[in-house]
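Coordinate inspection notes
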Amino acid sequence: MDARRNNHLLYNFVKILKKDYDKFCAIHRMDKHEPENLINFIIDQDLIKQKNVTKYTVLYDYEKLMRDDSMKKTHAVLVLASKYKVSERHIWAILKKNSATS
């Protein structure tokens, strides 16, 4: 019974999300076929929290800096803090919580 209820919930969620996304695109004169617009909509609707966007981006960029630029951890943190206008402590906290520094 739970699986059917979850499928129904997901079906309705997708239906509602699509309808609201179409309306969002029409209001903002955006192409609904552009993935960036869908991502903007999802963030705008607070379905993805800003802190998750920050975390995802910081982790991606940190790994890239460490791999491509062979940067030291401390310097990478300084670069990311400056780039995203957040404190170095915040960057360290993201990295520690997600074990990206190991």
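Residues numbered from 1 in each chain as written. Predicted model: local features only at pLDDT ≥ 70, side-chain atom pairs only at ≥ 80, totals over all residues. Heavy atoms only, no water.

Looking at the overall build of the chain
Test applied: Numbered from the N terminus, helices here are DSSP runs of H or I no shorter than four residues, and strands are runs of E no shorter than two. The classification of residues rests on relative accessible area computed with a 1.4 Å probe and restricted to protein chains. Under 20% of the type maximum is buried, over 50% is exposed, and intermediate values are partly exposed. A contact between two residues is defined here by any heavy atoms of the two lying within 4.5 Å. Under the convention used here, a 1.4 Å probe and the Shrake-Rupley method define accessible areas, while residue burial counts only the protein chains that appear. All tallies of charge rest on Lys and Arg as positive and Asp and Glu as negative; His and the ends of each chain are not included. By convention, the point assigned to a charge is CZ for Arg, NZ for Lys, CD for Glu and CG for Asp.
Broken down by element type, the chain carries five helices and zero strands. Counting from the amino terminus, the chain carries its helices and strands in the arrangement α-α-α-α-α. Across the 102 residues that make up the chain, the buried fraction comes to 21%. A fraction of 29% describes how many contacts in the chain between residues 6 or more apart in sequence connect residues 24 or more apart. Of the roughly 8,200 Å² of accessible surface on the chain, a fraction of 57% belongs to carbon and sulfur atoms. Counting 20 positive and 13 negative side-chain charges, the chain places the averaged centre of each group 6 Å from the other.

Description of unusual backbone geometry
Of note in this structure, Arg-29 is not a glycine but carries a positive phi near 50°. Within the element layout of this structure, Arg-29 appears in the loop between helix H1 (2–27) and helix H2 (35–44). By relative accessible area, Arg-29 is classed as exposed at 79%.

Remarks on the nonpolar core
Selection rule: We call a set of buried residues a nonpolar core when its members are Ala, Val, Leu, Ile, Met, Phe, Trp, Tyr or Cys and they connect through side-chain atoms within 4.5 Å of each other.
Grouped together as the largest cluster of nonpolar side chains are twelve residues: Val-58, Leu-59, Tyr-62, Leu-65, Met-71, Ala-76, Val-77, Leu-80, Ala-81, Ile-91, Ile-94 and Leu-95. Listed in part, the five residues of the second largest apolar core include Phe-24, Cys-25, Phe-41 and Ile-42.

Some words on the packing of helix H4 (residues 73–84) against helix H5 (residues 88–97)
Each pair of packed helices gets described by two things: the angle between the helix axes and the distance between those axes. For clarity, the cut-off: Note on definitions: angles span 0 to 180 degrees between N-to-C directions of axes, and those axes are lines fitted to C-alpha atoms, for helices only across the stretch in contact. Put simply, a crossing is left-handed when the front helix is turned counterclockwise from the back one by less than a right angle, and right-handed when it is turned clockwise. Side-chain classes are defined by residue name, with Ala, Val, Leu, Ile, Met, Phe, Trp, Tyr, Cys and Pro counting as nonpolar, Asp, Glu, Lys and Arg as charged, and the others, Gly among them, as polar.
One way to put it is that H4 packs onto H5 with a least axis distance of 8 Å and a crossing angle of 120°. Considering the relative orientation of H4 and H5, their crossing is right-handed. Across the interface between the two elements, Lys-73, Thr-74, Val-77, Leu-78, Leu-80 and Ala-81 of H4 pack against Glu-88, Ile-91, Trp-92 and Leu-95 of H5. Per-class residue counts for the contact of H4 with H5 are seven nonpolar, one polar and two charged.

Notes on the confidence of the model for the chain
Inclusion rule: As a per-residue quantity, pLDDT reports the predictor's confidence and falls between 0 and 100.
Taken over all residues, the pLDDT of the chain has a mean of 91, while the share at 70 or more is 96%. Within the chain, H1 has the poorest average pLDDT of any element, 92, and H5 the best, 96.

Brief notes about H4
To keep things clear, this is the line we draw: One fewer than the residue count of a helix, multiplied by 1.5 Å, yields its expected span. Each direction from the helix axis to a C-beta atom contributes to the arc, which is the arc of those directions.
Along its twelve residues, H4 runs 16 Å from first to last C-alpha, staying within 8% of the 16 Å computed at 1.5 Å per residue. Where H4 is concerned, the buried positions are Ala-76, Val-77, Leu-80 and Ala-81. One side of H4 carries all its buried residues, which in axial view fall inside an arc of 130°. In H4, the exposed residues that point more than 90 degrees away from the buried face are Thr-74, Ser-82 and Lys-83.

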